[in-house]
Amino acid sequence: MAFQTPLQYFSLKPKRANLYFMTVAAVLCTICYLVGIWQHSTSRAVINTSVSAVASCPPITTNTTITLDFNAHHRAEDLPLPPVAARVAHLPACHAKHSEYTPCEDVTRSLKFDRDRLVYRERHCPDKEELLKCRIPAPHGYTVPFRWPESRESVWYANVPHKELTVEKKMQNWVHYEGDRFRFPGGGTMFPRGADAYIDDIGKLINLREGSIRTAIDTGCGVASWGAYLLSRDILTVSFAPRDTHEAQVQFALERGVPALIGILASKRLPYPSRAFDMAHCSRCLIPWGNMDFDHADGLYLIEVDRVLRPGGYWILSGPPINWENHWKGWERTAEDLKAEQTTIENVAKSLCWKKLKQKGDLAIWQKPTNHVHCKESQLRAPLPGVNNIKEIAGGQLAKWPERLNTVPPRISSGRLTGITAESFRENTELWKKRVEYYKTVDYQLAEPGRYRNLLDMNAYLGGFAAVLVHDPVWVMNIVPVEAEVNTLGAIYERGLIGTYQNWCEAMSTYPRTYDFIHSDSVFTLYKDRCEAEDILLEMDRILRPEGSIIFRDDVDVLVKIKSILDAMQYDARIVDHENGPKVREKILLAVKQYWTAPAPAQENQEQTKSNS
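Residues numbered from 1 in each chain as written. Predicted model: local features only at pLDDT ≥ 70, side-chain atom pairs only at ≥ 80, totals over all residues. Heavy atoms only, no water.

## Topic: the pattern of salt bridges
Alright, step 1. Per the counting criterion, the structure on display carries 35 salt bridges.
Alright, step 2. Across the pair K368 and D306 runs a salt bridge, and its minimum N-O distance is 3.9 Å. Linking K368 in the loop between β10 (363-367) and α11 (410-413) with D306 in helix α8 (residues 300-308), this pair joins segments that are 62 residues apart in sequence.
Alright, step 3. You can call D306 buried: its relative accessible area is 0%.
Alright, step 4. Among the charged side chains, a network of salt bridges with common partners joins K128, K133, E534 and D535. (Salt bridge = Lys/Arg side-chain N within 4 Å of Asp/Glu carboxyl O. Helix = DSSP H or I, 4+ residues; strand = E, 2+ residues; numbered from the N terminus. Buried < 20%, exposed > 50% of the residue type's maximum accessible area, 1.4 Å probe, protein only.)

## Some thoughts on the environment of G312
Alright, step 1. With respect to the helices, strands and loops of the structure, G312 is situated in strand β8 (residues 309-318).
Alright, step 2. Look at G312 and you get buried, because its relative accessible area is 4%.
Alright, step 3. Distance from G312 to K355, taken between C-alpha atoms, is 9.9 Å for residues 43 residues apart in sequence.
Alright, step 4. Ignoring sequence-local partners within four residues, the contact set of G312 consists of Q367, K368, P369 and T370. (Contact = heavy atoms within 4.5 Å.)

## A word on helix α10 (residues 335-351)
Think of an α-helix as 3.6 residues a turn; residues three or four steps apart then line up on the same face.
Alright, step 1. Relative to the 24 Å expected for 17 residues at 1.5 Å per residue, α10 spans 24 Å between its end C-alpha atoms, a close match to the ideal helical length.
Alright, step 2. Buried within α10 we find A335, L338, E341, Q342, T344, I345, E346, V348 and A349.
Alright, step 3. Where α10 is buried, its residues contact α8, β8, α9 (324-327), β9 (355-360) and β10.
Alright, step 4. C353 occupies a position one or two residues after α10 and carries a positive phi of about 70°. (Expected span 1.5 Å × (residues − 1).)

## Regarding the side chain of R411
Alright, step 1. Inspection of the secondary structure assignment puts R411 in helix α11.
Alright, step 2. In this structure the side chain of R411 is engaged in a polar contact, spanning 3.2 Å, whose partner is the backbone oxygen of R275.
Alright, step 3. With residues near it in sequence (within four places) discarded, R411 still touches S274, R275, R416, L417, G490, A491 and E494. (Polar contact = N/O pair within 3.5 Å; in protein donor to acceptor, adjacent residues only side chain to side chain.)

## Considerations on a nonpolar patch on the surface
Alright, step 1. A cluster of nonpolar side chains, V27, L28 and I31, forms an exposed patch at the surface whose accessible area comes to about 270 Å².
Alright, step 2. Tracing the chain through its elements places I31 in helix α2 (residues 14-53).
Alright, step 3. With relative accessibility at 45%, the residue I31 sits in the partly exposed group. (Patch = residues over 30% accessible without salt bridge, like charges linked within 9 Å, V, L, I, M, F, W, Y side chains within 5 Å. Areas by Shrake-Rupley, 256 points an atom, 1.4 Å probe, with all protein chains shown as cover.)

## Description of the state of the cysteines
Alright, step 1. Under the counting rule described, the total for this entry stands at 5 disulfides.
Alright, step 2. A disulfide bridge connects C94 with C134, and the sulfur atoms are separated by 1.9 Å. Measuring the twist about the S-S bond at about 95°, one finds the C94-C134 disulfide to be right-handed. Of this pair, C94 sits in the loop between α2 and α3 (107-110) while C134 sits in the loop between α3 and β1 (154-156), and the two are 40 residues apart along the sequence.
Alright, step 3. The exposure class of C134 is buried, given its relative accessible area of 14%.
Alright, step 4. Through a disulfide, C104 is tied to C125; the S-S separation comes to 2.0 Å. Because the torsion about its S-S bond is 110°, the bridge between C104 and C125 counts as right-handed. Linking C104 in the loop between α2 and α3 with C125 in the loop between α3 and β1, this pair joins segments that are 21 residues apart in sequence. (Disulfide = S-S within 2.5 Å.)

## Points about the packing of aromatic side chains
Alright, step 1. According to the stated counting rule, one finds 19 aromatic pairs in the structure shown.
Alright, step 2. Taken together, a centroid distance of 6.3 Å and an interplanar angle of 75° make the contact between W432 and F465 edge-to-face. A residue pair is termed long-range when its members are at least 10 positions apart, and W432 in helix α12 (residues 422-442) and F465 in helix α14 (residues 464-468) qualify at 33 residues.
Alright, step 3. Across from the ring centre of Y157, 5.3 Å away, lies the NZ or CZ of K163, which sits over that ring. (Phe/Tyr/Trp six-rings, centres within 6.5 Å; stacked < 30°, edge-to-face > 60°. Lys NZ or Arg CZ within 6 Å of the ring centre and 35° of its normal.)

## Points about the confidence of the model for the chain
Alright, step 1. For the chain, mean pLDDT is 87; residues scoring 70 or higher make up 83% of the total.
Alright, step 2. Considering only residues more than four positions removed or in separate chains, one finds that residues 1-15, a stretch of pLDDT under 50, has 6 contacts. (pLDDT = per-residue confidence, 0-100.)

## A word on the sheet that holds strand β6 (residues 260-262)
Where strands meet in a sheet, backbone hydrogen bonds hold them as pairs that are either parallel or antiparallel.
Alright, step 1. With mixed pairing, 7 strands are arranged side by side in an open sheet as β6-β5-β4-β7-β8-β10-β9. Of all the strands in the sheet, just β6 and β9 have a single pairing partner and so form its edges. The average undirected angle you get between the axes of adjacent strands in this sheet is 20°.
Alright, step 2. As paired elements, β8 and β10 share 5 bridges and run antiparallel to each other. When the sheet's bridge partners are listed, L317 is paired in β10 with A364.
Alright, step 3. Across the sheet, helix α5 (residues 195-203) touches β7 (277-283), β8 and β10, and the angle it forms with β10 is around 45°.
Alright, step 4. Of the strands in this sheet, β7 and β8 touch α8, which is tilted by about 135° from β8. (Pairing = 2+ DSSP bridges. Axes fitted to C-alpha atoms, helices over the stretch in contact; angles between N-to-C directions.)

## A short note on the nonpolar core
A general feature of soluble globular proteins is that nonpolar side chains tend to end up buried together.
Alright, step 1. One finds M279, W289, W315, L456, F524, F552 and L566 to be the most contacted residues of the largest nonpolar core, which totals 124 residues.
Alright, step 2. The dominant element in this core, judged by the number of residues it contributes, is helix α18 (residues 556-568), at 7 residues.
Alright, step 3. Split by domain, the residues of this core number at least three in each of domain 1 (145-375) and domain 2 (403-593).
Alright, step 4. Once residues lying within four places of it in the same chain are set aside, the contact partners of L456 are M477, I479, W504, M508, Y515, F517, I518, H519 and I543.
Alright, step 5. Formed by 10 residues, the second largest nonpolar core is a distinct cluster that contains L165, W174, F184 and V223. (Core = buried A, V, L, I, M, F, W, Y, C linked by side-chain atoms within 4.5 Å. Domains from an automatic or database assignment.)

## Comments concerning empty space enclosed by the protein
Over the atoms rolls a probe the size of a water molecule, and its path tells where empty space is left.
Alright, step 1. Scanning all chains against the criterion turns up 2 cavities of 30 Å³ or more.
Alright, step 2. Put simply, the largest cavity is a space of about 50 Å³.
Alright, step 3. In terms of lining, the largest cavity is formed by N159, Q251, L254, E255, Y511, P512, R513, T514 and R545.
Alright, step 4. In terms of residues, the lining of the largest cavity owes the most to one element, helix α7 (residues 249-255), which gives 3 residues.
Alright, step 5. Per-domain counts for the lining of the largest cavity show at least three residues from each of domain 1 (145-375) and domain 2 (403-593).
Alright, step 6. In this structure, the second largest cavity is lined by R275, A276, D278, R310, L398, R404, Y493 and E494.
Alright, step 7. Across the lining of the second largest cavity, the residue classes tally to 3 nonpolar, no polar and 5 charged.
Alright, step 8. Per-domain counts for the lining of the second largest cavity show at least three residues from each of domain 1 (145-375) and domain 2 (403-593). (1 Å grid on protein atoms, 1.4 Å probe; cavity = no way out; pocket = protein on both sides within 12 Å on 5 of 7 lines; lining within 4 Å. Points joined across faces, edges and corners; volume = space filled by probe spheres on them. Nonpolar A, V, L, I, M, F, W, Y, C, P; charged D, E, K, R; others polar.)

Put into structure tokens, the structure is as follows:
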């Protein structure tokens, strides 16, 4: 009989095999257990012997049980702060007299500049050594503004304590003072029946509701009632006016929740890209459109309007000299003077190849050509991209609103923006949907409809942040820094959004407490070697309302430094993880500005007396 292997044996005799197998397994387990106990006791003895042999070390108790820790130790909120010596000292509050400080439009500084062509009213920023190293206070009694759309009609007096306009424009229905607030009935110098009725009159001459007009610019805007009432027609307007004797007009506009900037059409180009706006407007804006004695050339201001108007865009003029035949006595000018001014405007418009569509009552409307096929002889016009035939629109056809928002902008589809393709545009759009959804879980105020109204994106790129929020009751001022690698602001306007250029080493042309929310995407990395982070943060603090919020996206090391400064500025700030989780080096910093104001005048005088004694 042949020898049987164990496998053969077990397979032939199953009952005996099972009993034998169980016995062997039990013996082996017992042996392994005893060996394990012996090894553990031996290693402990070796450790005890080794520890005892180190004469320079204190006795160590070796009976401690080691527990493995599986908790995360690299969360964003656990990031270490810089050493105490490296932290920023407390940044004090400025004196109450600075509550409306606008560094680049400071009245005292402006008087040093030439009055010719209104140069003195343009931006003139302070030198580095002149910068205030303190936080701009809100006026005593400052209150969170009314929510939109109530804010369009009402503003707290304590927030903008100026009554000059209620006196100077009393008969023009701009603004009325009533108790603790201002009321804005929507009137204007050239629209006594109100902005809504005035816009309806425009709508009878050109179509404002079919989506081809989305972005507008209002020069010399007053309190921006024209832009305020266009919002209900899905038209987004950049309103601007200088900081002049009516010093509160742009401030009123922003307090109402209407997009506006301090600015003037003078010796410099406007801070907007070419071919940006669908419509431009002037209602008695006091700009000398026809008479500009600069190198003996007329109409330079109209040439600038031509530059910022898209092909096929409209220019609307009401006020002098339009309808001068019926108004010249009230305007306190001679009929001959007004007639000559209108003739000059008409001639400049023809030189720009504009077509006069209508003049009805106090309104006149011109339209810019869609290309310059028939305008090659003109030397005044701003250049347009070339076309292949007369029916082609220079620069590309824009989709109508709201399809325009997510349609690939012509500047991208044509390849004029280096490194940005139609596919990367679509990816960016989807990316910001995810990011904003995450933001609303971090900042509950951003998620609350109506809590914020005026938003600022300091480094907008393609406007993706603003595009996601377009259905919320907010507007976003999209900033393209002048230091950005690619000038994308034109593409932002082609999406039907608004914005401006800005160097963040300088102050923005706006009043304090302009914005409810600020978004800063990689701004401090961009400006790392250009200016001090502290100065940028103080500017952000100046233009942010009390109880407003900031969301920073940046490298973790940058955010740790920023947080240390914000702590000194008395913000509530915390660093949280990136939307893709803790392993991403880029983090999110949420900062909320605390509510504080300048002291009451009597209290401030007492404090000043103490400091002087």
